[in-house]
Every structure is written in C-alpha cells, then in structure tokens.
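# Fold and contact review
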Amino acid sequence: PAQIAKTRRTPGKLLIDQKKLPPSKGDPTRGFYESMFEEFPKSHIAVKYMIENGLLSATKHKEVHKLYAKYKVQGLFNTRERMLKAAAIIRAKNKKGVRKSSSG
C-alpha cells in the first residue's frame, strides 16, 4: 500500500507541487483517490490528486513526483491538449477510411 501522510501540513510546509492542504481522512473524494492510487499507482488522475493534495509521505512524494512531472510534460493534465490529440487521431483515422473507400 502507498505510504499515506499521517499529519496535516501547514501552508509553510507544502511539498513540491502540493497546491492544497490534505483533506480530512473521512473525505469521500480522498478515499476514492487513495484506493484508486493503491490499485492503479500509475493512473494520471490519481497521481495528480495525491501529489496536489499532499497525501503521500515525503519520501513517497518524491518518488511519485517523478511520474507526476512526466505526465505534466506529456500534457495529461491539460484537457485542451488531450482533446486536440484525440481529435488529430480521429482525423487521421477518417483520412485513412476516405482513401480506402474512394479507391474502391
């Protein structure tokens, strides 16, 4: 299981890329993302939530932050960029389909 942070951090002691104070242990959103992270530790949405909410211990945070940085560079946290990539893939598939149907 992931090493979950046991204490709440004050704003002066946030970890790298942590944007919020950790939600309380009873928070249902926190529970959802913690369980998702435990089952799928490479899930980009779980990684983002865990890092930005400071839910990992300092050592685990450093380890997972490398994955977070990689995903950030790939544009996985940018919805507009992901939509543009998906649209480009669909256009490419449609062009291949048009070529095949026009030659027949």
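Residues numbered from 1 in each chain as written. Predicted model: local features only at pLDDT ≥ 70, side-chain atom pairs only at ≥ 80, totals over all residues. Heavy atoms only, no water.

### Re the packing of aromatic side chains
By the definition in use, this model includes 4 aromatic pairs. The interplanar angle of 80° and the centroid separation of 5.0 Å between the aromatic rings of Phe32 and Tyr33 together place this pair among those described as edge-to-face. Given a relative accessible area of 19%, Tyr33 falls into the buried group. Here Tyr33 and Tyr49 contribute two aromatic rings whose centre-to-centre distance is 4.3 Å and whose plane-to-plane angle is 15°, an arrangement assigned as stacked. Remark: Tyr49 occurs in helix α2 (residues 44-52) and Tyr33 occurs in helix α1 (residues 28-39); sequence separation between them is 16 residues. Comparing Tyr33 with Tyr49, the two get one shared label, buried. Three or more aromatic residues joined by ring pairs make a cluster, and in this case those are Phe32, Tyr33 and Tyr49. (Phe/Tyr/Trp six-rings, centres within 6.5 Å; stacked < 30°, edge-to-face > 60°. Buried < 20%, exposed > 50% of the residue type's maximum accessible area, 1.4 Å probe, protein only. Helix = DSSP H or I, 4+ residues; strand = E, 2+ residues; numbered from the N terminus.)

### What to know about α1
Spanning 12 residues, α1 covers 17 Å between terminal C-alpha atoms, matching the ideal 16 Å at 1.5 Å per step. Burial in α1 covers these residues: Arg30, Tyr33, Glu34, Met36 and Phe37. Taken around the axis of α1, the buried residues stretch over an arc of 165°, which confines them to a single face. Of the residues in α1, the exposed ones pointing more than 90 degrees away from the buried face are Pro28 and Glu39. The secondary structure elements touched by the buried residues of α1 are α2 and α3 (58-74). Measuring from the side-chain oxygen of the N-cap residue of α1 to the backbone nitrogen of Thr29 gives 2.8 Å; that N-cap residue is Asp27. (Expected span 1.5 Å × (residues − 1). Arc of directions from axis to C-beta. Contact = heavy atoms within 4.5 Å. Polar contact = N/O pair within 3.5 Å; in protein donor to acceptor, adjacent residues only side chain to side chain.)

### So, the pattern of salt bridges
Inspection of the entire model under this criterion finds 4 salt bridges. In this structure, Glu52 engages Lys19 in a salt bridge whose closest nitrogen and oxygen atoms are separated by 3.4 Å. Here Glu52 is found in helix α2, whereas its partner Lys19 is found in the segment before α1, with 33 residues between them in sequence. Taking relative accessible area as the criterion, Glu52 reaches 11% and is therefore assigned buried. Of the charged contacts, one joins Arg30 and Glu34 as a salt bridge, the two residues approaching to 2.7 Å between their closest N and O atoms. Within this pair, Arg30 and its partner Glu34 are both found in helix α1, separated by 4 residues, close to a single helical turn. Taken individually, Arg30 and Glu34 each receive the classification buried, so the pair is uniform in this respect. (Salt bridge = Lys/Arg side-chain N within 4 Å of Asp/Glu carboxyl O.)

### A short note on unusual backbone geometry
Even without glycine at this site, Asp17 takes up a positive phi of about 65°. Assignment of secondary structure puts Asp17 in the segment before α1.

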